[in-house]
Amino acid sequence: MFCWLSRLFRDLSRSTGRTTQPIWGSLSRSLILSSQRSIPELSSFVARTNTCGELRSSHLGQEVTLCGWIQYRRQNIFLVLRDFHGLVQVVIPQDESAASVKKILCEAPVESVVQVSGTVISRPPGQENPKMPTGEIEIKVKTAKLLNSCKKLPFEIKDFVKKTETLRLQYRYLDLRGAQMQYNLRLRSQMVMKMREYLCNLHGFVDIETPTLFKRTPGGAKEFVVPSREPGKFYSLPQSPQQFKQLLMVGGLDRYFQVARCYRDEGSRPDRQPEFTQIDIEMSFVDQTGIQSLIEGLLQYSWPSDKDPVMVPFPSMTFAEALANYGTDKPDTRFGMKIVDISDMFRNTEIGYLQDALSKPQGTIKAICIPEGAKYLKRNDIESIRKFAVDHFNQEVLPVFLRANRSWNSPVAKFIMEEQGLGLIRLLEIQEEDVVLVTAGENKKAQMFQGSATKLNIIYCLPFPCNLGVKKAILQILLS
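What you see is a predicted model; the values in this text were computed from it and never measured. (Residues numbered from 1 in each chain as written. Predicted model: local features only at pLDDT ≥ 70, side-chain atom pairs only at ≥ 80, totals over all residues. Heavy atoms only, no water.)

## Some remarks on a nonpolar patch on the surface
Right, on to step 1. On the surface, a cluster of nonpolar side chains totalling about 190 Å² of accessible area is made up of V286, I291 and I295.
Right, on to step 2. Along the chain, the position of I295 falls in helix α8 (residues 288-302). (Patch = residues over 30% accessible without salt bridge, like charges linked within 9 Å, V, L, I, M, F, W, Y side chains within 5 Å. Areas by Shrake-Rupley, 256 points an atom, 1.4 Å probe, with all protein chains shown as cover. Salt bridge = Lys/Arg side-chain N within 4 Å of Asp/Glu carboxyl O. Helix = DSSP H or I, 4+ residues; strand = E, 2+ residues; numbered from the N terminus.)

Listed below in structure tokens is the structure:
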């Protein structure tokens, strides 16, 4: 076919005198997209005619062949067959002429793999199951074949059965049969395909596979080493395709990507993995805005249709804004609790600690409001926060509580003037049972503590289903 197309384009170029590259690119793109728009045929090249989950009332009277696992059996009259696409009820024949079929389906252990052939029929009135997509029909079996008999399993393949992580990993091939694992793997496959379609078909990127065995590239994490046949010489597994993609840019491939496997020896760090997959992208002649727009479009295009849609453009902030509002360059904006500068409000304060701070060249007073903090922070928690600030940042922290009568509960409450109190409520949007942590000092130092305190507040104030000791352990990991 493509040879015929090539001859056609050559003839067109001779008659028109124009370049054929745009025509070829346009036609090839339309051919690719039209092939992707077709509905996937889930039963091609195999013995079955349909999947278990696709049969409906519109299939009534059809002769079908299904393959799957026996989910459960009821009174040796019905069994439910399962595959990756869903469940369907099968009627076990009870007449003598089908004794061999009955024997196979009644004696096969649950989770055995069987192949059945029969007719799609309606369920008797009143026996429909609205909770099953195939609940209006059932299969009247004519022939059956036992493909693989199942031995006793370490756990049942049912979503409501709880399994330990260790047991799931030990029998991963059984765990993969579960609905959630099936969904996760198929969702990942669909997203990667959509990403390839967006990058290759819509924006002309080239998908290039780079080597896995390479020489050592110092910097970043440690690398995994692979010995070679030559004594004293080793390969290294790449942490990322950084050098390869730079070579590709120099070589004239100005739009490259790959679904890259990366390997990093992170030792015992609990928040890292030794290997992971990333969508690796490199472009020439591009600026920051172009990269941001590309990634926003990529995620929006490939996002699963059954999830809430991705809205673009993504919210963004500068490095300076992140430090000023959250005290860190990687803020978790879900929790709010922004750092607020209240220096101007307390210029004329009588609180000595705040006066001393403001008298310094870069002195500042900053605060964060913990919503409903009084519910979760006890007196010893407040003392722990204050001790943490002194030990790690040499900073004093003043806790301020707003009572129901709009008065203040704080060691320095008597020094807070009415105007300052009202300004504080307005600026931080303080509600009853909120807790305000106030710190003062050099701008950078106060900001560092408030950034750490934001993490601390998340751990302490959200109603996690764990005790205070566990929360403190999580806190130490976050702040280490």
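Additional details are given in the paragraphs that follow.
## Notes on the sheet that holds strand β1 (residues 63-74)
Right, on to step 1. Here we have five strands rolled up into a closed barrel, ordered β1-β2-β3-β5-β4, and mixed in their pairing. In this sheet, adjacent strand axes meet at a mean angle of 55° when their direction is disregarded.
Right, on to step 2. Note that strand β4 (residues 113-122) and strand β5 (residues 137-148) share 10 bridges and pair antiparallel. The residue of β5 that forms the bridge with S122 is I137.
Right, on to step 3. Seen against the sheet, helix α3 (residues 99-107) touches β1, β2 (78-83), β4 and β5 and runs at an angle of roughly 75° to β5. (Pairing = 2+ DSSP bridges. Axes fitted to C-alpha atoms, helices over the stretch in contact; angles between N-to-C directions. Contact = heavy atoms within 4.5 Å.)

## Let's talk about the pattern of salt bridges
Right, on to step 1. One pass over the full model with this rule turns up 16 salt bridges.
Right, on to step 2. Residue E230 pairs with K233 through a salt bridge whose shortest N-O separation is 3.5 Å.
Right, on to step 3. Residue E230 is classed as partly exposed on the basis of its relative accessible area of 47%.
Right, on to step 4. Here E372 makes a salt bridge to K375, at a shortest N to O gap of 3.5 Å.
Right, on to step 5. Given the relative accessible area of 36%, E372 is considered partly exposed.
Right, on to step 6. Take K375: its relative accessible area is 43%, and that puts it in the partly exposed class. (Buried < 20%, exposed > 50% of the residue type's maximum accessible area, 1.4 Å probe, protein only.)

## Section: the sheet that holds strand β6 (residues 206-207)
Right, on to step 1. Spatially, three strands are ordered β6-β9-β10 in an open sheet, and the strand pairing comes out mixed. The sheet is open, and its two edges are formed by β6 and β10 (275-283), each paired on a single side.
Right, on to step 2. Pairing of strand β9 (residues 255-263) with β10, which is carried by nine bridges, proceeds in the antiparallel orientation. In the sheet register, A260 faces β10, and the bridge partner there is Q278.
Right, on to step 3. Against the sheet, helix α6 (residues 179-202) touches β6, β9 and β10, its axis set at about 150° to β9.

## Section: the environment of S284
Right, on to step 1. Relative to the assigned elements, S284 resides in the loop between β10 and α8.
Right, on to step 2. When the C-alpha atoms of S284 and D254 are compared, they prove to be 5.0 Å apart, with 30 residues separating the residues in sequence.
Right, on to step 3. Those residues in contact with S284, other than ones at most four positions away along the chain, are M249 and D254.

## Section: unusual backbone geometry
Right, on to step 1. With an omega of 0°, the peptide bond running from V312 to P313 counts as cis.
Right, on to step 2. With respect to the helices and strands, the residue P313 is situated in the loop between α8 and α9 (319-326).
Right, on to step 3. With phi around 55°, Q75 is a residue other than glycine that occupies positive phi space.
Right, on to step 4. Assignment of secondary structure puts Q75 in the loop between β1 and β2.
Right, on to step 5. Exposure remark for Q75: the relative accessible area of 65% places this residue in the exposed category.
Right, on to step 6. The phi angle at E111 is positive, at roughly 80°, despite the residue not being glycine.
Right, on to step 7. Here E111 is to be found in the loop between α3 and β4.

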